[in-house]
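# Descriptive structure summary
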Amino acid sequence: MDKKINLSKQVTVLGLGAMGTALAEAFIKAGYTTTVWNRSADKTVPLVKKGAVATSTVSEAVSASELTVICVLNYDVLEQILKPVAGELRGHTLVSLTNDTPKRARQMALWAEEQGIDYLDGSVLVPVTEVGKPEALLLYSGPRNIFDKYFPVLKALGGKSTYLGEAPGRAALYDIAMMNIFFTSLTGVLHSYALLNAEGEQAEEFLPYAREIFGVAEHFLENFALSADKAHYPGHLDNITMEAAGVKHVVEAGRDAGIHTGVPQAVKDVFDRAIEAGFGASGMPSAIEGIRKAVRAETR
Ligand SMILES: NC(=O)c1ccc[n+]([C@@H]2O[C@H](COP(=O)([O-])OP(=O)(O)OC[C@H]3O[C@@H](n4cnc5c(N)ncnc54)[C@H](OP(=O)(O)O)[C@@H]3O)[C@@H](O)[C@H]2O)c1
């Protein structure tokens, strides 16, 4: 059999945690000969039962396929695993679906280029149970020709496999921005639930009202984006001084109920910084002026 054609039908997955296992399963399900490696070899066993080929070394694993996908804890781990096999990866394609910062993604892209490795940086934006489904969102950035070449293979991981452009850190940046919205807004939800519970209420009974306010918040996304990009914060309908007074009530209600108030206090700190910077009569998006510059506590 022609070796090149054979290799192009093979995929290697390095890292078989919860996510790496889901990625390998999606490739197997899509009919790819899937070579797998993991530090703890026991995690290869269920995949081998499903048809994967396990190797005992990283070197064997990356040599088995034109395309290697790596999904491990972070880029420190990724570098530990990959740097010793740079020679075997030369001329192959590497896709990282490991979460880290845009800076680490850019550094990795530079390293890969120096080693003669085609590299795409990516992020999985769905939980493991959604991997491989048509609605699963994965983001990629890096050379367009590499994405186009491997798109038919990568789309086995999710129907919404999206290319964000050549800048290698862009997928990681969008991933971080989305995760930030997820973590910070949902921690606000948890704070409200804790407040309700502390006052003897059931969070479940409050659910329709939580949904209501999430709907209202969604409505603000576009206007806030325009305000952020243009640094324009009209304050004729509401202003941040009034909003800061409202957040102060959230802090005080939490204190009265005997719960931790760090979440609304962090919001109040940012609002106060914007007011101190002269935006007291501007609208709530001017809070971004309290965020833009790392000063005070962060630099002290
Ligand atoms: N799980 C999710 O829902 C989800 C969703 C989106 C994105 N992600 C991203 O996917 C990536 C992997 O997440 P996960 O859920 O699969 O994590 P996980 O279940 O904790 O697995 C971590 C993986 O990293 C490996 N690893 C950790 N330290 C290592 C070391 N020092 N040397 C070699 N291998 C090491 C582990 O190997 P061992 O098995 O030997 O420990 C395992 O393969 C992360 O970047 C995460 O942010 C996860």
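The protein chain is annotated in an unreviewed UniProt entry as NAD(P)-dependent oxidoreductase from Sinomicrobium pectinilyticum.

### Remarks on the packing of helix 9 (residues 170–198) against helix 11 (residues 240–257)
At a minimum axis separation of 9 Å, helix 9 and helix 11 run at an interaxial angle of 40°. On the basis of their axis angle, the class for helix 9 and helix 11 is oblique. In the packing of helix 9 onto helix 11, the handedness of the crossing is left-handed. Of helix 11, the residues touching helix 9 (which contributes His191, Leu195 and Ala198) are Val250, Ala253, Gly254 and Ala257. Residues belonging to the contact of helix 9 with helix 11 are distributed by class as follows: five nonpolar, two polar and no charged.

### Brief notes about the site of the ligand
Taken together, 22 residues are adjacent to the ligand, and Met19, Asn38, Ser40, Lys43 and Asn99 come closest. Leu73 is positioned with one of its backbone polar atoms (N or O) 3.3 Å from an oxygen atom of the ligand. Burial of the ligand by the protein amounts to 73% of the accessible area it has alone, namely 890 Å². Put simply, the parts of the chain that give the shell around the ligand at least two residues each are helix 2 (18–29) and helix 5 (75–82). Taken together, the residues of the shell around the ligand sort by class into 12 nonpolar, eight polar and two charged.

Criteria and cut-off values
Residues numbered from 1 in each chain as written. Predicted model: local features only at pLDDT ≥ 70, side-chain atom pairs only at ≥ 80, totals over all residues. Heavy atoms only, no water. Axes fitted to C-alpha atoms, helices over the stretch in contact; angles between N-to-C directions. Helix = DSSP H or I, 4+ residues; strand = E, 2+ residues; numbered from the N terminus. Parallel < 35°, antiparallel > 145°, perpendicular 65-115°, else oblique. Left-handed = near helix turned anticlockwise from the far one by under 90°. Contact = heavy atoms within 4.5 Å. Nonpolar A, V, L, I, M, F, W, Y, C, P; charged D, E, K, R; others polar. Near = heavy atom within 4 Å. Polar contact = N/O pair within 3.5 Å; in protein donor to acceptor, adjacent residues only side chain to side chain. Areas by Shrake-Rupley, 256 points an atom, 1.4 Å probe, with all protein chains shown as cover.

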